[in-house]
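Summary of structural features
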Amino acid sequence: MNGIQAGNRLIAALGPADRAALLAHTVPVEFPPGQIFHEPGDPIDHVYFIDQGIVSAVAVLHDGRTVETVMVGFEGVAGGLAAAVPQPAFTRNVAQMAGAARRIDAARLRALVAERPAIREVLSVYLAALQAELEQSAACNALHRAEQRLAKWLLRCHDRVDGAAFNLTQEYMASMLGSQRTTMNEAAQNLLKLGAITYSRGRITVTDRAALERAACECYRAADVFHLTL
Ligand SMILES: [Zn+2]
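Cut-offs applied
- Residues numbered from 1 in each chain as written.
- Predicted model: local features only at pLDDT ≥ 70, side-chain atom pairs only at ≥ 80, totals over all residues.
- Helix = DSSP H or I, 4+ residues; strand = E, 2+ residues; numbered from the N terminus.
- Buried ≥ 20, exposed ≤ 12 C-beta atoms within 10 Å, placed from the backbone.
- Contact = placed C-beta atoms within 7 Å.
- Pairing = 2+ DSSP bridges.
- Core = buried A, V, L, I, M, F, W, Y, C linked by C-beta atoms within 7 Å.
- Axes fitted to C-alpha atoms, helices over the stretch in contact; angles between N-to-C directions.
- Parallel < 35°, antiparallel > 145°, perpendicular 65-115°, else oblique.
- Domains from an automatic or database assignment.
- Nonpolar A, V, L, I, M, F, W, Y, C, P; charged D, E, K, R; others polar.

Let's talk about the overall build of the protein chain
For the protein chain, the count of helices and strands is nine helices and nine strands. Expressed as lengths along the three principal axes of its C-alpha atoms, the size of the protein chain is roughly 55 × 40 × 30 Å. Counting across all 230 residues of the protein chain, residues that qualify as buried make up 39%. Considering only contacts within the protein chain whose residues lie at least 6 apart along the sequence, 76% involve residues at least 24 apart.

Structure (structure tokens):
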């Protein structure tokens, strides 16, 4: 991660009494890459305030193809929609990179949200920002080039990880962005030529963050939940 960071940003935004009330009901958990938190249709029994690592919400089509819809790191919460009303997961929630979270029973969180306006407000502001990001993504996916979208996605990863390098195969990137592998390969080659990244054996290093920002589409700045100020 590229900044001072200690634990989940939503929890950190709460005052001491609300934070203590929330933390009293959370359990610290760690997760390896690939861990599935919810499959589509699963009841969301637990909500995860991410401390580190990345969890992706992934839409799964009938033919098995997948596209990432939301990326969650220490700025957010996985399964957060269940904080308002009980509901099944719409997407697969899967750990993209190993990490740690604070897990809370979803019904318990709903009770806390009802009792404590500050917790409700923090979650509402986050979920509203996420909605804005999703609406921007509809335009992004329809109108922006693969190279711009890949740059945006790599910036989002870079924001959330500790250090400049992370493990990602091109096949994985293609599945996250819903692109053909050849399209993704071409986009990655262009970013390599710009000197924005290096790529070796499934490991990506961001070598020139400014170049990566120039290569990304406007969506990275226009509506990205990571830039939310609480
Ligand atoms: Zn875009």
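Notes on the pairing of strand S4 (residues 66-72)
In terms of strand pairing, strand S3 (residues 46-60) meets S4 through six bridges, oriented antiparallel. Paired with serine 56 across the strands is methionine 71, a residue of S4. Hairpin connection from S3 to S4: five residues lie between these consecutive antiparallel strands, with glycine 64 at a positive phi of about 95 degrees.

A closer look at the nonpolar core
Within the largest apolar cluster, 37 residues are counted, with the highest numbers of intra-cluster contacts made by Val47, Tyr48, Ile50, Val55, Val77 and Tyr126. Looking at this core element by element, the count peaks at eight residues for S3. If near-sequence neighbours (up to four positions away) are discounted, isoleucine 50 is found in contact with Asn8, Val55, Val72, Gly73, Phe74, Gly76, Val77, Ala78, Gly99 and Ala101. Ranked by size, the runner-up nonpolar core spans 20 residues in total, among them Leu155, Ala174, Leu191 and Ile204.

Focus: the environment of asparagine 141
Position of asparagine 141 relative to the elements: it lies in helix H4 (residues 117-143). Judged by the 15 C-beta atoms lying within 10 Å of it, asparagine 141 is partly exposed. Spatially, the C-alpha atoms of asparagine 141 and arginine 214 are 18 Å apart, while their sequence positions differ by 73 residues.

Describing unusual backbone geometry
Backbone geometry at arginine 201 places phi at a positive 50 degrees, although glycine is not the residue there. Residue arginine 201 is classed as exposed on the basis of its 6 C-beta neighbours within 10 Å.

Some thoughts on the packing of helix H6 (residues 170-177) against helix H7 (residues 181-193)
For any two helices packed against each other, one specifies the crossing angle of their axes together with the interaxial distance. Here H6 crosses H7 at 110 degrees, and the two axes come no closer than 9 Å. Considering their axes alone, H6 and H7 lie roughly perpendicular with respect to each other. Touching Gln170, Glu171, Met173, Ala174 and Leu177 of H6 are Arg181, Met184, Asn185 and Ala188, all from H7.

Digging into the pairing of strand S9 (residues 203-206)
With burial as the criterion, only one face of S9 is covered, namely that bearing Ile204 and Val206; the residues Arg203 and Thr205 on the opposite face remain uncovered. Pairing geometry for strand S8 (residues 197-200) and S9, over four bridges, is antiparallel. Looking across to S9, one finds that threonine 198 is bridged to threonine 205. Where S8 folds back onto S9 in an antiparallel hairpin, the turn is made up of two residues, including arginine 201, whose phi is positive at roughly 50 degrees.

A word on the domain arrangement of the protein chain
Segmentation of the protein chain into domains returns domain 1 (9-116) and domain 2 (141-227). Each of domain 1 and domain 2 has a C-alpha centre, and these two points are 24 Å apart. Contributions of two or more residues to the side of domain 1 that touches domain 2 are made by S3 and S4. If you tally residues by element for the side of domain 1 that touches domain 2, the top one is S4, at four residues. Its residues placed into classes, the side of domain 1 that touches domain 2 shows five nonpolar, four polar and three charged.

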